[in-house]
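Here's the letter readout for the chains.
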Amino acid sequence: MHNKAFALNNSYFDDIIEAGAVLVDVASGSVQVSHYEQSKLQFSQNLPMGSLRVLENLSTVKNSTTSFSSVLEDFIKAGINNYKKVFYKNPNYKYFVIMGNQVRYIKKICGISSDSITEENIDDVYKIISEYGPQYVEDKYEVPYDIAKLMMPSILFYKMFMSKDKDQIIIANSMVFAKYDLRHLDSSAIFLVISYAE
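Rules and cut-offs
Residues numbered from 1 in each chain as written. Predicted model: local features only at pLDDT ≥ 70, side-chain atom pairs only at ≥ 80, totals over all residues. Heavy atoms only, no water. Buried < 20%, exposed > 50% of the residue type's maximum accessible area, 1.4 Å probe, protein only. Helix = DSSP H or I, 4+ residues; strand = E, 2+ residues; numbered from the N terminus. Pairing = 2+ DSSP bridges. Salt bridge = Lys/Arg side-chain N within 4 Å of Asp/Glu carboxyl O.

Draft legend 1. Focus on the pairing of strand β2 (residues 31-37). The element β2 is extensively covered by neighbouring structure, given that five of its seven residues are classed as buried. Examined bridge by bridge, strand β1 (residues 21-26) and β2 share six bridges and lie antiparallel to one another. Following the sheet pairing, Val24 is matched in β2 by Val33. Relative to strand β3 (residues 40-47), β2 is paired through seven bridges, and the arrangement is antiparallel. Within β3, the position partnered with Val33 by the bridge is Gln45.

Below you can see the structure in the form of structure tokens.
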């Protein structure tokens, strides 16, 4: 559904799937991954390990470890690596599209008003959440707690699927899409954040 909405609302969709693109939509209960090459859908797979689901699976571990972020990362990495061995053969692609409710809040925490965000910014958000927790994020950045608690696993999911191509362009969007002309972008690894309408 989101792939179709993205295609209908973005004039550059045909260009990015021709060049090679992976779309990752992180929801609370699942992660949808779609891979395009030369304008053809190579595969689309729904993984039953969304941001809320992994937290629920690790709920008994959370209070018994001093490094829950490491446990969470290892848990997600194990599940994703098993999937990659079967479906995800090509780690290099030009475009990476990330979707999910948390996109506009990542941008908000970074204090960015433009539509570009770097991978370093994403890492900074992850560091804030992992070190200070969702309550701090809610209080300081006015991010709803239910969203804040899901941001750490969501960002980890995104990072697990990022391209190995150093020149990749990462496009982030939510349910409301804007139109951008990719001809004005440089080839550095950037995030275009297309947020929910207020």
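Here the narrative resumes.
Draft legend 2. Structural context of the pattern of salt bridges. Counted according to the given criterion, the structure contains one salt bridge. Note that Asp123 is salt-bridged to Lys159, the shortest N-O span being 2.7 Å. Of this pair, Asp123 sits in helix α7 (residues 119-132) while Lys159 sits in helix α9 (residues 145-161), placing them 36 residues apart in sequence.

Draft legend 3. Unusual backbone geometry, seen in detail. Residue Ser39 is not a glycine yet carries a positive backbone phi of 70°. With respect to the helices and strands, the residue Ser39 is situated in the loop between β2 and β3. Of note, the phi angle at Glu142 is positive, near 55°, even though the residue is not glycine. By secondary structure assignment, the location of Glu142 is in the loop between α8 (134-141) and α9. Here Glu142 falls in the exposed class, since its relative accessible area comes to 60%.

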